[in-house]
Amino acid sequence: DWWAYQAITAVGGRMILGDAPTLLYRQHAENQIGANDTLRASLLRLGAVLDGRFAHWLDVQIASLAPLVDHMTPEARHMFTELCNARQTGLLQRLRALRALGLYRQSARGTAAMWAAAAIGRL
C-alpha cells in the first residue's frame, strides 16, 4: 500500500484520504514491518536505522520507483532525484537536502528516526 501511494502520487495521481479508517490493520507475529505506535516498536525501528535495514528498505523503494522516473511529475522527479543524490553526499549536504525537501514520516518519532538515519549516514 505504501509503494502504491508513492507510485500513484509520483505520476500525478491524486489520493483522497478519509477521516475515518475503512480497513482494519491486523498485527501478528509474521508481519514484516508492523505498526510503529509503541515505544518498543519505535526502538525496533531505531535498531533498523542503526544496523542498516532502514537504508536497505529505502534502497528497495528507490529501485522499485526508478522505472517510473520518466512518468513522474516534475516535482516528484525533482524530489526523487534530490533524495537519491543526498544519500551519496556528506553529512551537512545530506541534512540540508533533507530539510530542503521537507520530507517527514507519519509520526514525530518516525521523522526523528529518519533524521537520525541521515545524520549517521544510514539514509
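Residues numbered from 1 in each chain as written. Predicted model: local features only at pLDDT ≥ 70, side-chain atom pairs only at ≥ 80, totals over all residues. Heavy atoms only, no water.

(A) Looking closely at the overall build of the chain. What the chain contains, in helices and strands, is 6 helices and 0 strands. Across the chain, helices and strands are ordered from the amino to the carboxyl terminus as α-α-α-α-α-α. Counting the 123 residues in the chain, one finds 28% classified as buried. In the chain, the share of contacts with a sequence separation of at least 24, taken over all contacts with a separation of at least 6, comes to 54%. (Helix = DSSP H or I, 4+ residues; strand = E, 2+ residues; numbered from the N terminus. Buried < 20%, exposed > 50% of the residue type's maximum accessible area, 1.4 Å probe, protein only. Contact = heavy atoms within 4.5 Å.)

(B) Layout of the packing of helix α4 (residues 74–86) against helix α5 (residues 91–101). Closest axis-to-axis distance for the α4/α5 pair is 9 Å, and the angle between their directions is 160°. The angle between α4 and α5 falls in the class roughly antiparallel. As α4 packs across α5, the resulting crossing turns out to be left-handed. Where α4 approaches α5, its residues M79, E82, L83 and A86 are matched on the opposing element by R94, A97 and L101. Taken together, the residues that form the contact of α4 with α5 break down as 5 nonpolar, no polar and 2 charged. (Axes fitted to C-alpha atoms, helices over the stretch in contact; angles between N-to-C directions. Parallel < 35°, antiparallel > 145°, perpendicular 65-115°, else oblique. Left-handed = near helix turned anticlockwise from the far one by under 90°. Nonpolar A, V, L, I, M, F, W, Y, C, P; charged D, E, K, R; others polar.)

(C) Highlighting the pattern of salt bridges. The tally for this structure, following the rule as stated, stands at 2 salt bridges. Note that R53 and D51 form a salt bridge whose closest N and O atoms lie 2.9 Å from each other. A relative accessible area of 40% means that R53 is categorised as partly exposed. For D59, the salt bridge goes to R87, with nearest N and O atoms at 2.7 Å. Of this pair, D59 sits in helix α3 (residues 53–65) while R87 sits in the loop between α4 and α5, and the two are 28 residues apart along the sequence. (Salt bridge = Lys/Arg side-chain N within 4 Å of Asp/Glu carboxyl O.)

(D) Structural detail: the environment of V11. Relative to the assigned elements, V11 resides in the loop between α1 (2–10) and α2 (39–50). A relative accessible area of 37% places V11 in the partly exposed class. When the C-alpha atoms of V11 and T73 are compared, they prove to be 5.4 Å apart, with 62 residues separating the residues in sequence.

(E) The arrangement of helix α6 (residues 108–119) in detail. Taking 1.5 Å of rise per residue, the 12 residues of α6 would be expected to cover 16 Å, and the 16 Å separating its terminal C-alpha atoms lies within 8% of that figure. For α6, every residue scored as buried is listed here: G110, T111, A113, M114, A117 and A118. Take α6 and look down its axis: the buried residues cluster within an arc of 160°, on one side only. Within two residues after α6, G121 carries a phi angle of roughly 75°, on the positive side. (Expected span 1.5 Å × (residues − 1). Arc of directions from axis to C-beta.)

(F) Looking closely at the packing of α2 against α3. Two numbers describe how α2 lies on α3: the axes approach to 4 Å, and their chain directions differ by 75°. In this view, α2 runs roughly perpendicular relative to α3, as classed from their interaxial angle. Only R53, F54 and W57 of α3 make contact with α2, whose side of the interface consists of L44, R45, G47, A48 and V49. Class assignment for the residues of the contact of α2 with α3 results in 5 nonpolar, 1 polar and 2 charged.

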